[in-house]
Amino acid sequence: MSDEICYEVDSGIGWITLNRPQARNALTFAMYDRVAEICSDLKGHGSPKVLVLTGAGEKAFAAGTDISQFRAFDKPEDALTYEARIDGALQKIESCQVPTIAAISGAATGGGAGIACACDLRIATRNARFGFPVARTLGNCLSMNNYARLATLLGPARVKDIVFTARLMDADEGHRIGLYTELVSDHAALMERAKELATTIAGHAPLTLRATKEAMRRITRSDRTRESDLILMCYMSADFREGIEAFLTKRAPTWQGR
């Protein structure tokens, strides 16, 4: 399992690499669980300030779930348990307390596309391809939470388009519609840009980032009624006081996340 998910922390950046290049980084159930574990227990995993998720090699970010695992499905509970398990993992990524960046090279399909959508930002190479071709391949579907996440990012009409046609969206279209914030030329440039972007974000006020993440999650989940906890978390923090003093004394703030 340690070989299938590589994880390291360097200069405040946590790097999660899906590492099954021989299978286009197709995800086993254990791989989903491991990514979820890292995202939900940052202190136990080196306390990164930013997480970058990527796939080993240039051909795929992740080509969905390893289909061989579906052979054992023979009763309704198997399907429901599977979708609940994957949905739980994606929600752990989405609700992770630090910003997450998906660095995408090649195919991001099925569960791989789901992981990319659960991240906060997505950058990609020009050979990136994105989609959920299940209408052409397995004939299964997504969970309601996954459909909702996709609809928020792409709009309901485009979700229907890519699922109904089973087509893979190319990098230019993904960039044009805002799925990707940036496109780069190749895998080496992707890793360099991911590091630059993560370093920039890691230097910013962690509570501001956390509050923004949670506010966006609540808005997209129609949970707009609660906000006082987020406001108080930021305005009553030592970081806010530090930010004021640093600004007034014309120096760089030292963020502590408290």
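Residues numbered from 1 in each chain as written. Predicted model: local features only at pLDDT ≥ 70, side-chain atom pairs only at ≥ 80, totals over all residues. Heavy atoms only, no water.

Peer 1: Would you mind showing me how to read the overall build of the protein here?
Peer 2: Each helix and strand in the protein was counted, giving 10 helices and 10 strands. Relative to the 2.2 N^0.38 estimate, which gives 18 Å for 258 residues, the radius of gyration of the protein is 19 Å and therefore close to what a compact globule would have. The principal-axis extents of the C-alpha atoms in the protein amount to approximately 60 × 40 × 35 Å. Residue burial in the protein is summarised as follows: out of 258 residues, 46% are buried. Long-range pairs, those at least 24 residues apart, make up 66% of the contacts in the protein between residues at least 6 apart in sequence. Treating the 32 positive side-chain charges of the protein as one cloud and the 31 negative ones as another, the clouds have centres 3 Å apart. (Helix = DSSP H or I, 4+ residues; strand = E, 2+ residues; numbered from the N terminus. Rg over C-alpha atoms; globule rule 2.2 N^0.38 Å. Buried < 20%, exposed > 50% of the residue type's maximum accessible area, 1.4 Å probe, protein only. Contact = heavy atoms within 4.5 Å. Lys, Arg positive; Asp, Glu negative; His and termini not counted. Charge placed at Lys NZ, Arg CZ, Asp CG, Glu CD.)

Peer 1: So what exactly am I meant to see when it comes to the packing of aromatic side chains here?
Peer 2: Remark: the centre distance and the inter-plane angle together describe each pair of aromatic rings, the angle taken between the planes. Within this structure, the stated rule accounts for two aromatic pairs. For the ring pair F29 and Y82, a centre distance of 5.6 Å and an interplane angle of 45 degrees mean the geometry is tilted. Here Y82 lies in helix α2 (residues 76-94) and F29 lies in helix α1 (residues 29-40), a separation of 53 residues in the sequence. Relative accessible area serves as the criterion here: at 16%, F29 is assigned to the buried category. (Phe/Tyr/Trp six-rings, centres within 6.5 Å; stacked < 30°, edge-to-face > 60°.)

Peer 1: Would you mind showing me how to read the packing of α2 against helix α4 (residues 144-154) here?
Peer 2: The description of two helices packed together rests on the angle between their axes and the distance between the axes. In the contact formed by α2 and α4, the axes pass within 9 Å of each other and the chain directions differ by 40 degrees. By the angle class used here, α2 and α4 are oblique. Two secondary-structure elements touch here, α2 through E83, D87, L90, Q91 and E94 and α4 through N145, N146 and R149. Of the residues that constitute the contact of α2 with α4, the class distribution is one nonpolar, three polar and four charged. (Axes fitted to C-alpha atoms, helices over the stretch in contact; angles between N-to-C directions. Parallel < 35°, antiparallel > 145°, perpendicular 65-115°, else oblique. Nonpolar A, V, L, I, M, F, W, Y, C, P; charged D, E, K, R; others polar.)

Peer 1: Explain the sheet that holds strand β8 (residues 129-131) here, please?
Peer 2: Within a sheet, adjacent strands bond to each other through the backbone by hydrogen bonds, running parallel or antiparallel. The strand order across the open sheet built from four strands is β4-β6-β8-β9, with neighbouring strands paired in mixed fashion. With partners counted over all chains shown, the strands left at the sheet margins are β4 (60-63) and β9 (169-170), one partner each. Inspection of the sheet shows strand β6 (residues 107-109) paired to β8 by three bridges, in the parallel sense. Looking at β8, one finds that T109 is bridged to G131. (Pairing = 2+ DSSP bridges.)

Peer 1: Explain the pattern of salt bridges to me, please; I cannot follow it from the model alone.
Peer 2: Pairing is possible between side chains of opposite charge, provided their charged atoms come close. Counted under the stated rule, the structure contains 16 salt bridges. For the salt bridge of E214 with R217, the shortest nitrogen-to-oxygen distance reads 2.8 Å. Residue E214 and its partner R217 are both found in helix α8 (residues 206-220); the two are separated by three residues, about one turn of the helix. Here E242 ties to R251 by a salt bridge, and the two come within 2.7 Å at their closest N and O atoms. On the basis of relative accessible area, R251 is assigned to the partly exposed category, the value being 38%. Salt bridges here are not isolated pairs; linked through shared partners, they connect R158, D161, R167 and E173. (Salt bridge = Lys/Arg side-chain N within 4 Å of Asp/Glu carboxyl O.)

Peer 1: I'm lost on the pairing of strand β5 (residues 100-104) in this one. Help?
Peer 2: Successive residues of a regular strand alternate their side chains across the two faces of the sheet. Burial within β5 is extensive, with five of its five residues counted as buried. Residues T100, A102 and I104 of β5 are buried on one face, and the alternating residues I101 and A103, pointing to the opposite face, are buried as well. Sheet topology note: the β5/strand β7 (residues 121-125) ladder contains four bridges and is parallel. Directly across from I104, in β7, lies its bridge partner A124.

Peer 1: Would you mind going over the sheet that holds strand β3 (residues 50-55) with me for this structure?
Peer 2: Strand order in the open sheet formed by six strands is β1-β2-β3-β5-β7-β10, and the pairing between neighbours is mixed. Strands with a single pairing partner mark the edges of an open sheet, and in this sheet they are β1 (5-10) and β10 (182-184). Each neighbouring strand pair of the sheet contributes to a mean axis angle of 20 degrees, computed without reference to strand direction. Running over the sheet, helix α7 (residues 187-202) touches β2 (13-18), β3, β5, β7 and β10 and is turned about 160 degrees from β7.

Peer 1: Looking at this model, I keep getting lost on helix α5 (residues 156-165). Mind explaining?
Peer 2: In an α-helix, one turn spans 3.6 residues, which is why side chains three or four residues apart end up on the same side. Restricting attention to buried positions, one finds in α5 the residues V159, I162 and V163. Down the axis of α5, the sector holding all buried residues measures 95 degrees, keeping them to one side. For α5, the exposed residues set more than 90 degrees away from the buried face come down to A157 and F164. Taken together, the buried residues of α5 touch β8, α4 and β9. In the segment just after α5, A166 is the residue with positive phi, at about 60 degrees. (Arc of directions from axis to C-beta.)

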